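# Survey of secondary and tertiary structure
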Amino acid sequence: MPKVTINDRTVEVETGTTLVDAALKVGVQIPHYCYHPRLSVVGQCRMCLVDIWDRGRKMPKLQAACSMKVENDNWVVRTDTPEVHEAQKGMMEFFLINHPLDCPICDQAGECGLQDYSFKHGVAFSRFRFEDKRTYPGRERIPLGSNVILNMNRCIQCTRCVRFTQEIAGTAELGFFNRGARAEIGVFPGKPLENHLSTCVVDICPVGALTSTRFRFAERVFYLDKKPSICTGCEVGCNITVEHRRGKIKRYKPRFNPEVNDYWMCDHGRSTHERYQKLPRLAAVRVRPDATGNGGFHGGWKEALDLLHRELRTADGGKVAILGSGFLTTEEAYLLGKLADAVGTSQRAVAVEPGPLWRIPNTKGGVSGTEAAPNRRGAELAGFIGTSAGADAEAYLTGDAAAAADVLIVADSDFGAAAHDPQVVARLRRAKRLIVFGWCDSPLAQAADIALPVPTPTEKDGTFVNVQWRLQHFVAAFPPPGQVRPLVEVLADLLARFDTGWSQRTAGQAFDRLAGENPAFAGLSWDEIPAVGVTLNVPQAQAAGSAAAASVAQEI
Amino acid sequence: MFEKVLTRNIHNPAVLTLDGYKKAGGYAALDKALKLEPDAIIEEVKKSGLRGRGGAGFSAGLKWSFIPKGKKPKYLACNADESEPGTFKDRLLMEFDPHQLIEGCAITCWAVQANTCYIYIRGEYTKAAAILEQALKDAYNGGILGKSVMGSGFELDMYVHRGAGAYICGEETGMLESLEGKRGQPRVKPPFPAVVGAFGAPTVINNVETLCNVPHIIERGADWFKAIGTDERNTGPKLYAISGHVERPGTYEHPIGITFREMLDAAGGMYKGGTLKAFIPGGASAPILTPEHLDIKMDFDTVAKAGSMLGSAAVIVMDDTTCMVRSVARLAKFFNHESCGQCTPCREGTNWMELILKRLEHGEGEESDGAKLLSICQHIAGNSLCALGDAAVGPVKSLVERFMPEIEQHVRERKCPYPHRRYFGNGA
Amino acid sequence: MSTLEPQVEAPTLPAEVRAEITELRTRYPTAEAVLLPALHLAQKAAGGWLPDATIAAVAAELDLPVAKVYGVVSFYDLYHQHPVGRHRIRVCTNLSCQLRGAEEVMEILGQELGVEEGEITPDGRCSFIHFECLGSCDTAPMMMVDDDYHENLTPQSVRAILQGLK
């Protein structure tokens, strides 16, 4: 493999590595705008200019590091010469002369490429004092589609967005129009930017030219706490960052995972947190008076769990049913399975709604999902259900199975659109006793005899198993409100009432126990789950792997 | 007495027909070339010292030798985009002697083993394009092009491809993009067109005038070619397009290296006997020269040593009624208009330079403007993606370096000191 | 341009234009390379400019994304996205022509036609714009009317040329 020396640090890289990437390997950040590791190289912004010595002779001009690919051992590169610094200052000046001073009202402030490089590589004053800035009248806040708004005055013409729609999304709605100083990005009239990855252009835009309709003016980014997590929109399980301010989620952004979602996520996934604010929150333990048997409930978790325990103990085991959902973490599903075993019922199902096809591109053929929940597979593998989950759930949602149940536990008050459908709720209500765990005070929770508040996916620790049979784990981004307790902990308390030896009370402890018992998870431990996740050693994973390889081969 | 080479046929309208061209000696060189080894032709052209006539002055033979052997397909793209202000020589060659160009292209294609040639002609040259289309048709009908060029078995297709109005499509990779049906935005180099050119294949790109020299080199030999001109690095006949304040603007063929004084005389001297103030030796991108350079040899190396460039040998002459600020402002406007917009220094820098020069010309100049223009030039030069940035810098930098007093006068007097306009009513 | 308007119906191009495009395809290894010639043909057939519908039709004909075609149309000076007069006048005002009276030609046109640069005369006959170097510097000042060059202009010759335009 060829070697290159950058600022006196030598590194060996794969043939064809660009200098920008090679520099990162030795901790040197070469500033750039138009370059992106997943997009074609255009060498346009000229921010990445560096000095290169080829076999001892300095190249007469500075070179754009993004377009220089290491093929041999000939190069010595410097990013800290006076010429490079002067060029960087010059480029920053050029970027800013026509750029509006919008920082006070621009979403991008705090994560803006111009701000950052201006501070690092630019100068602190402007020489553009006697001329008028170029503007694009009528293009200051123009919707390019339903998810993205353009302010053309702020654009630095890096064309990342155009190349994204052409090369990654494949939909090519964005184009580069006009020429020279009038050049602009836009869409053809009548063909707006509408593809399921459309908001990704907002992520890759270095400045505030492209803003997300759902995040516009929502929050200053420097007030956001950022925690890694996994998207719950579908079974692809894109890695995300939950960005919130004191527990109010302001946006999701994709988190880099080359094995799953690469740098991307879809618009649907980005919207999944909105319901946590929109829908009413179940934050307190609630028991219907007529369920207590003594005309009133005055208590908290302990009393509610005692009541539930009594109900389960006294019911005919075969007439207890547990309906989970694809939103359960693997650990929650595992414990529900244990509860079902303790009660002695085989009546278990997992509700998973179908969605449209979501396809997230990556360099290995991409990942696709059609289930609108992240973890049906985790529920399967953890032993809560067999492999024909969906059909079993239908018996409860559209059939009469609930009416035959003495106790029906629904472990998610927001398992899908059906949880808000009055007909479905009515059917489930026909169980003699309806117990609902959930974060949402949905009609289903309101109809329940016992409603027990548990966290949203961003308020708990857990693992999901995605469509690739990849195990990915996440921890709570922030603590839940009110009386909410993690479902794993609640189930552990409940199990302890059945089996005083039960000691696993956290997701981590539950996972480690699961790993010890279950061959699908053999050899794994909570503390050592890799950051990119790990493909489980199960036959379905083998099959999924060869299917993915076949689809990549087809594309090639 | 210098015998015309490239323009020998322009007063003979018969050469527009295939028969007429052949009668005038045409296609004998192609016939001869087809019997030579392709590499021998490349060597001969290299030996002749022919340097690109489109502006860059790169050795044509050397460029051809970069084309890899054995790879298929390969292309020749003839650069007939001729949009450099002051340049109109290629138009003359195409309108009056189209077969000379076709023959030059055919020989070049044989030398590099390219089976397809596109003549990329600027969209505004509708007449030249039509003449070329007709000449190509005649060439196909006469067996010069097609499945077997002059019966040799060598297959060659040649097409006219019209541009649509963009100076940047004269840049070789901008031209390739435009040929491929895209925005004419220059590409990052490397890879160079000899490796990845048109449609991903190795491509030679040469200017019209360069290609028109090829039949003559083959027919009369590299030594004959080398004997014309200044020295072994500046050889052959050259077309000079002279315009502006001269009595007889036009295209003149001289041995390369004729002095500017001689060229000016051949064009009838200064317009209406005016006094020379400045001249541009090689198109809008060339730094401006002054009367002290009257005896400069107009070849690549001498002009470069004088701090300018021969470029396309488009000579623009300005007399002492000319405002240099206004002239350079107009060129800055041109470069701003023609910038493709991809790269930051050119897109923003040419825009800024036009604004500053406009201010200066309209009496709103600031004392800092001259130094600022130089600083902007320094930030553009060498940093842009293609040579348009450097081209835009040429006139502006030379304005500040050679005509600073005139700039200062604009600033001091808050107006242009040369308000006289060439109006027909007052003797234009 | 309003980006959220309903989809423009893409009419097909006139049959002769499609036939010519089909013939041109044989000259190039890709369909995309036919785009510039195709736009010239489509523009001529559409009255000298390219309405959005025609652009969409060309994109459909060559199976190219319409935003890409729009990008090509807007890049080049010879493709017009707004209506033009029956006769399109382009006056070179670059340096060599500026040195020999191009500005006066522009003034005369404005006076004679009674419209500003870029506007169409009320009878739809003419529109004029300034243009960059047209490669005729030795015959400055000069202008291009439709496909023809008119060189060595004088005030009289400019007026005569205008009179000859119907």
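Treat the numbers as computed from the prediction; the structure is a model and nothing was measured.

### Comments concerning the overall build of chain B
Counting its regular elements, chain B contains 17 helices and 10 strands. The globule rule puts the C-alpha radius of gyration for 428 residues at 22 Å, and the 22 Å found for chain B is close to it. Along the longest, intermediate and shortest principal axes, the C-alpha atoms of chain B span 70 × 45 × 40 Å. Once local pairs closer than 6 in sequence are excluded, the contacts in chain B between residues at least 24 apart make up 71%.

### As for the sheet that holds strand β24 (residues 450–453) of chain A
Backbone-to-backbone hydrogen bonds join strands into a sheet, with any given pair of strands oriented parallel or antiparallel. Residues and elements named next belong to chain A. Here 6 strands make up an open sheet; going across it, the order is β17-β24-β23-β22-β18-β19 and the pairing mixed. Each edge of the open sheet is held by one strand with a lone partner, namely β17 (286–287) and β19 (347–351). Where strand β23 (residues 433–438) meets β24, 4 bridges bridge the pair, whose relative direction is parallel. Residue pairing across strands places Val436 opposite Ala451, the latter belonging to β24. Lying over the sheet, helix α10 (residues 330–343) contacts β18 (320–325) and β19, oriented at roughly 175 degrees with respect to β18.

### Topic: the packing of α10 of chain A against helix α16 (residues 507–517) of chain A
Residue and element names in this part refer to chain A. In the contact formed by α10 and α16, the axes pass within 9 Å of each other and the chain directions differ by 65 degrees. Between α10 and α16, the angle is such that the two are roughly perpendicular. Read as a crossing pair, α10 and α16 show a hand that is left-handed. Packed against α10, whose contacting residues are Glu331, Tyr334 and Leu335, the element α16 presents Ala507, Ala510, Phe511 and Leu514 at the interface.

### A few points about the environment of Val202 of chain A
Among the structural elements, Val202 of chain A can be located in helix α5 (residues 200–204). Residues contacting Val202 of chain A, with those up to four places away along its chain left out, are Val148, Leu210, Thr211 and Ser212 of chain A.

### Structural notes on the interface of chain C and chain B
On the chain B side, the residues contacting the 38 residues of chain C number 48 residues. Secondary structure elements with two or more residues in the side of chain C that touches chain B: α2 (35–45), α4 (66–75), α5 (95–98) and α6 (102–113) of chain C. The greatest single-element share of the side of chain C that touches chain B, amounting to 4 residues, is contributed by α2 of chain C. Among the residues forming the side of chain C that touches chain B, the class breakdown is 19 nonpolar, 10 polar and 9 charged.

### Overview of the interface of chain A and chain B
Taken together, the contact between chain A and chain B spans 28 residues of the former and 25 residues of the latter. Per-element accounting of the side of chain A that touches chain B gives the leading share, 6 residues, to helix α2 (residues 82–97) of chain A. Residue composition of the side of chain A that touches chain B, by class: 15 nonpolar, 7 polar and 6 charged.

### Looking at helix α14 (residues 344–361) of chain B
Residues and elements named next belong to chain B. In this model α14 runs 25 Å from its N-terminal to its C-terminal C-alpha over 18 residues, within 8% of the 26 Å that 1.5 Å per residue would give. Most of α14 sits inside the fold, with 16 of its 18 residues counted as buried. Note on α14: the residue one or two positions beyond its end, Gly363, has a positive phi of about 80 degrees.

### Describing the pairing of strand β12 (residues 184–187) of chain A
One face of the sheet, then the other: side chains in a regular strand alternate in exactly this way. Residue and element names in this part refer to chain A. Inspection of the sheet shows strand β11 (residues 174–177) paired to β12 by 4 bridges, in the antiparallel sense. By the bridge assignment for β12, Leu174 is matched with Val187. Between β11 and the antiparallel strand that follows it, β12, lie 6 residues; Asn178 among them carries a positive phi value of about 60 degrees.

### A look at the domain arrangement of chain A
One can read the domain layout of chain A as domain 1 (3–80), domain 2 (99–278) and domain 3 (286–551). Computed from C-alpha coordinates alone, the two centres of domain 1 of chain A and domain 3 of chain A are separated by 50 Å.

### A few points about the domain arrangement of chain B
Residues and elements named next belong to chain B. Domain parsing of chain B yields domain 1 (13–227), domain 2 (229–319) and domain 3 (324–413). Computed over C-alpha atoms, the centres of domain 2 and domain 3 are 23 Å apart. Across the boundary between the two partners, domain 2 contributes 8 residues, which contact 11 residues of domain 3. Within the side of domain 2 that touches domain 3, the residues separate by chemical class into 6 nonpolar, 2 polar and no charged.

### Things to note about helix α16 (residues 387–402) of chain B
Residues and elements named next belong to chain B. Its 16 residues give α16 an end-to-end C-alpha distance of 23 Å, which sits within 8% of 22 Å, the value for a rise of 1.5 Å per residue. Bending of α16 peaks at approximately 30 degrees at the position of Gly394, with proline Pro395 no more than four residues after it. Among all positions in α16, only Leu388, Gly389, Ala391, Ala392, Val393, Gly394, Pro395, Val396, Lys397, Ser398 and Leu399 are buried. Against α13 (324–338), α14 and α15 (369–380) lie the buried residues of α16.

### Observations concerning the sheet that holds strand β13 (residues 210–212) of chain A
All names here are of chain A. Strand order in the open sheet formed by 3 strands is β9-β10-β13, with antiparallel pairing between adjacent strands. Looking at strand neighbours, the two that pair on one side only are β9 (142–143) and β13, the edges of this open sheet. Relative to β13, strand β10 (residues 148–150) is paired through 3 bridges, and the arrangement is antiparallel. Of the residues in β13, the one forming a bridge with Ile149 is Thr211.

### Description of the pairing of strand β20 (residues 354–360) of chain A
Residues and elements named next belong to chain A. Bridge analysis of β20 against strand β21 (residues 367–371) gives 4 bridges, and the strand direction is antiparallel. Looking at the pairing, Pro354 lines up with Glu371 of β21. Linking two consecutive strands that pair antiparallel, namely β20 and β21, is a turn of 6 residues; a positive phi of about 100 degrees is found at Gly365 within it.

### Brief notes about the environment of Cys169 of chain B
One can find Cys169 of chain B in the loop between β3 (157–162) and α8 (172–179). In the structure, Cys169 of chain B is positioned 17 residues away from Pro186 of chain B in sequence and 8.1 Å away in space, judged by C-alpha atoms.

### Description of unusual backbone geometry
Following Pro190 of chain B, the chain continues into Pro191 of chain B via a peptide bond in cis, with omega recorded as 5 degrees. Among the structural elements, Pro191 of chain B can be located in the loop between α8 and β4 (203–207). Cis peptide bonds are those with omega within 30 degrees of zero, and the linkage from Ala140 of chain C to Pro141 of chain C qualifies with -10 degrees. Tracing the backbone shows Pro141 of chain C in the loop between β2 (126–131) and β3 (143–145). Phi is positive for Arg55 of chain A, which is not a glycine, with a value near 50 degrees. Here Arg55 of chain A shows up in the loop between β4 (49–54) and β5 (57–58). Judged by the 9 C-beta atoms lying within 10 Å of it, Arg55 of chain A is exposed. Located in the positive-phi region is Arg246 of chain A, a residue other than glycine, with phi close to 50 degrees. Relative to the elements of secondary structure, Arg246 of chain A occurs in the loop between β15 (239–245) and β16 (248–254).

### Comments concerning the packing of α14 of chain B against α16 of chain B
All names here are of chain B. Their axes nearest at 9 Å, the elements α14 and α16 cross at an angle of 20 degrees. The pairing of α14 with α16 is recorded here as roughly parallel in orientation. As α14 packs across α16, the resulting crossing turns out to be left-handed. Between α14 and α16, the residues in contact are Pro345, Cys346, Gly349, Thr350 and Met353 and Leu388, Gly389, Ala392 and Val396, respectively. The residue makeup of the contact of α14 with α16, split by class, is 6 nonpolar, 3 polar and no charged.

About the criteria used
- Residues numbered from 1 in each chain as written.
- Chains lettered and ligands numbered in written order.
- Predicted model: local features only at pLDDT ≥ 70, side-chain atom pairs only at ≥ 80, totals over all residues.
- Helix = DSSP H or I, 4+ residues; strand = E, 2+ residues; numbered from the N terminus.
- Rg over C-alpha atoms; globule rule 2.2 N^0.38 Å.
- Contact = placed C-beta atoms within 7 Å.
- Pairing = 2+ DSSP bridges.
- Axes fitted to C-alpha atoms, helices over the stretch in contact; angles between N-to-C directions.
- Parallel < 35°, antiparallel > 145°, perpendicular 65-115°, else oblique.
- Left-handed = near helix turned anticlockwise from the far one by under 90°.
- Nonpolar A, V, L, I, M, F, W, Y, C, P; charged D, E, K, R; others polar.
- Expected span 1.5 Å × (residues − 1).
- Buried ≥ 20, exposed ≤ 12 C-beta atoms within 10 Å, placed from the backbone.
- Domains from an automatic or database assignment.
- Bend = angle between axes of the 7 residues up to and from the residue.

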